[in-house]
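Chain and residue survey
The lines below spell out each chain.
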Number of protein chains: 2
Amino acid sequence: MRNNWRKFASILLDSSIKKQVLLKEERHAYILQRLSARQKVLTSSLSEELSVSEDTIRRDLKELADNGQLRKVHGGALPPSHNPYAYRDREVYALESKIKIAEKARSLIQDGQVVLMDGGTTNLELVKRLPQDLHATFFTNSLPVAVQLSGHPHIEVIFAGGKLLKDAQATIGLEVVHLFSEIRADICILGTRSLHHEAGITEINWEEAQVKRSLVQAAKKVVALVISEKIDTLQPYTVCDIKGLHTVVTELDTTDEILIPYKKRGIVLI
Amino acid sequence: MRNNWRKFASILLDSSIKKQVLLKEERHAYILQRLSARQKVLTSSLSEELSVSEDTIRRDLKELADNGQLRKVHGGALPPSHNPYAYRDREVYALESKIKIAEKARSLIQDGQVVLMDGGTTNLELVKRLPQDLHATFFTNSLPVAVQLSGHPHIEVIFAGGKLLKDAQATIGLEVVHLFSEIRADICILGTRSLHHEAGITEINWEEAQVKRSLVQAAKKVVALVISEKIDTLQPYTVCDIKGLHTVVTELDTTDEILIPYKKRGIVLI
DNA sequence: GAAAAACTTGCATGTTTTTGCGGGAAACTA
DNA sequence: TAGTTTCCCGCAAAAACATGCAAGTTTTTC
């Protein structure tokens, strides 16, 4: 008899490990996230990833399409044609590399941290991929980053106000610099236009450089996300000295030749 | 009999908890805690964990949902509408009316003006329809409004920084209020949730009300965009006294009966 | 302190939603 | 054009749901 109890209790215990039952809404969220990250989804892959039949996926896609959240095509789905956010509509240059970088950089952000983040498509890809259960506080001056973060349940977002630089969809100016001068963050993640093994991070726009400099100064740890083709290029205005740089994330293997000078300077490569 | 096993098993499991029967309130607390920890709860799991029937769990979930503390879905429940796409993909309620209002309100904004604008779908519709050759300066605390405006060639945008209220996709807090306290604008355009011919504009969220109040105080002229069904409704927090209101834009004909009290008070109707 | 009222819970009932599958239509590919 | 893949439609089983009701519990009231 006692054995039976044990058995029953163990069944109950097992239930805490529960097989992964996804609610319909969760599947929908997953699909949308996947779509936003990869720009396309396949019925077949989704069926495997979510362990449901293709018919179910089709029904999901249909529902989402009816809702205007994606565009259904033969074999899968694409982002909605009329996207209210112009920034996203633009084809992202070197998206594959940026996705790779974003995936690598995910692990840098941990629970409870205060994170500074500027704009740029690489950062946006990273933000799209932050785990749903991450608890953190983000400071940013980028509109698209803020929009994306506003969808996360446990991330507090502080937006740095100021004059809006339209091309970058980010704020600049004294107000922004002032805000960052008042905080002390754990980590600062920079979408980087130019990285050089002697000059560090440089920028082409003086005002943006100004703002990024204030971000750098407010953080204990500075991380540069940069695609390889921008390594060892130079721009007029310095954002962050090479000595102030803590980590560099690229899409390359960390043993790649071009990264050697950085390794020599003690910079963490990912 | 089967039930007895269950009870017993649950005692084994919850050896730390003395009572085998949880009060309703306790169950509710447990459910909410579980939800916040895992981002989802399943009716079936909860039934096991709490050793009550699924019917009871359903009733609990329904109650919590009615209370706005979670979102009930088939199979369980999810956190209250935190999905990133809620704001932009949600079918805009009463869109037809809002478009009508936006079309009417276009003429209020003129070249060279400094305009204050808060969030809301009506304002967003207006912003979408601003003439391409308009030159103006906009102050806003709404993310979607700023994004939309950033696509406009001749409008300068100043974004009010602060803590981001995710549901509204707008910033709130002292910083925002402070910014608006320092400027003097020509016109302030409010997306309005409630308008009353005696109380004026009122809001349901205290922090949002606070921000809107600062907008009102910074402008020479206050315009309310409001769909007719929100006329003569009331919310707890006052944004703008009826005397401080200059213009009201609705989708109705200006001779409509419901607007008479406003006309009598000398408010401009459009 | 006892009767009445209100509340809570589990179960039986019938209904709705979700899901996978078969088969034929449609769309792609070569 | 032929052949494969993907889609769509209807069906059926399983799961989840709403509802009414009865039994038990708690609270109120006098």
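Residues numbered from 1 in each chain as written. Chains lettered and ligands numbered in written order. Predicted model: local features only at pLDDT ≥ 70, side-chain atom pairs only at ≥ 80, totals over all residues. Heavy atoms only, no water.

1. Structural notes on the pattern of salt bridges
Residue and element names in this part refer to chain A. In the structure shown here, the tally under the stated rule is 28 salt bridges over all chains. A salt bridge links E54 to R58, with the shortest nitrogen-to-oxygen separation between them at 3.0 Å. Highlighted residues: E54 and R58, both in helix α4 (residues 54–66), separated by four residues, approximately one helical turn. Judged by relative accessible area, E54 falls into the partly exposed class, the value being 30%. Salt bridges here are not isolated pairs; linked through shared partners, they connect E103, E125, K128 and R129. (Salt bridge = Lys/Arg side-chain N within 4 Å of Asp/Glu carboxyl O. Helix = DSSP H or I, 4+ residues; strand = E, 2+ residues; numbered from the N terminus. Buried < 20%, exposed > 50% of the residue type's maximum accessible area, 1.4 Å probe, protein only.)

2. Details of the side chain of E251 of chain A
Residues and elements named next belong to chain A. Within the secondary structure, E251 sits in the loop between β14 (247–249) and α11 (260–264). Of the side chains with opposite charge, K104 lies nearest to the buried E251, which makes no salt bridge, at 7.0 Å. Here the side chain of E251 touches S228 through a polar contact of 2.6 Å, side chain to side chain. Excluding residues within four positions of it along the chain, E251 makes contact with S97, K100, I101, K104, V226, I227 and S228. (Lys, Arg positive; Asp, Glu negative; His and termini not counted. Polar contact = N/O pair within 3.5 Å; in protein donor to acceptor, adjacent residues only side chain to side chain. Contact = heavy atoms within 4.5 Å.)

3. What about the protein's contact with DNA strand C?
Looking at DNA strand C, there are 16 residues lining it, with T56 and R59 of chain A together with R27, T56 and R59 of chain B nearest. Of everything in DNA strand C that lies within 4 Å of the protein, sugar and phosphate atoms constitute 63%. Residue R27 of chain B places a side-chain N or O atom 2.7 Å away from a phosphate oxygen belonging to DNA strand C. Between DNA strand C and S53 of chain B there is a distance of 3.1 Å, counted from a phosphate oxygen to a backbone nitrogen or oxygen. At the level of elements, α2 (24–38) and α4 of chain A together with α2 (24–38) and α4 (54–66) of chain B are the ones that each hand at least two residues to the surface near DNA strand C. (Near = heavy atom within 4 Å.)

4. Examining helix α6 (residues 95–105) of chain B
All names here are of chain B. Three or more residues of α6 are buried, namely S97, K98, I101, A102 and A105. All buried residues of α6 project into a common sector of 135° when viewed along the axis, lining one side. Looking at the packing, one finds that the buried side of α6 touches α7 (121–128), β12 (219–225) and β14 (247–249). (Arc of directions from axis to C-beta.)

5. Section: the sheet that holds strand β12 (residues 219–225) of chain A
In spatial order, the strands read β15(A)-β14(A)-β12(A)-β9(A)-β4(A)-β5(A)-β6(A)-β7(B)-β8(B); together these nine strands make up an open sheet with mixed pairing. Of all strands in the sheet, those with a lone pairing partner are β15 (268–269) of chain A together with β8 (170–172) of chain B, marking the two edges. Here strand β4 (residues 114–117) of chain A pairs with strand β9 (residues 185–191) of chain A via three bridges, running parallel. Note on β9 of chain A: the bridge partner recorded for M117 of chain A is I189 of chain A. (Pairing = 2+ DSSP bridges.)

6. So, the sheet that holds strand β3 (residues 76–78) of chain B
Residue and element names in this part refer to chain B. Reading across the sheet, the three strands line up as β1-β3-β2 and stay open at both edges, with antiparallel pairing between neighbours. Every interior strand has two partners, whereas the edge strands, β1 (41–42) and β2 (71–73), have only one. Direction of pairing for β2 relative to β3: antiparallel, over a ladder of three bridges. Bridged to V73 within β3 is G76. This element, α4, spans β1, β2 and β3 of the sheet and lies at about 140° to β2. (Axes fitted to C-alpha atoms, helices over the stretch in contact; angles between N-to-C directions.)

7. Things to note about unusual backbone geometry
The backbone phi angle of Q169 of chain A is positive, close to 50°, even though this residue is not glycine. With respect to the helices and strands, the residue Q169 of chain A is situated in the loop between β7 (162–165) and β8 (170–172). By relative accessible area, Q169 of chain A is classed as buried at 5%. Of note, S51 of chain B is a non-glycine position whose phi angle comes to about 55°, a positive value. In this fold, S51 of chain B is placed in the loop between α3 (43–50) and α4. Using a relative accessible area of 22% as the deciding quantity, one classes S51 of chain B as partly exposed.

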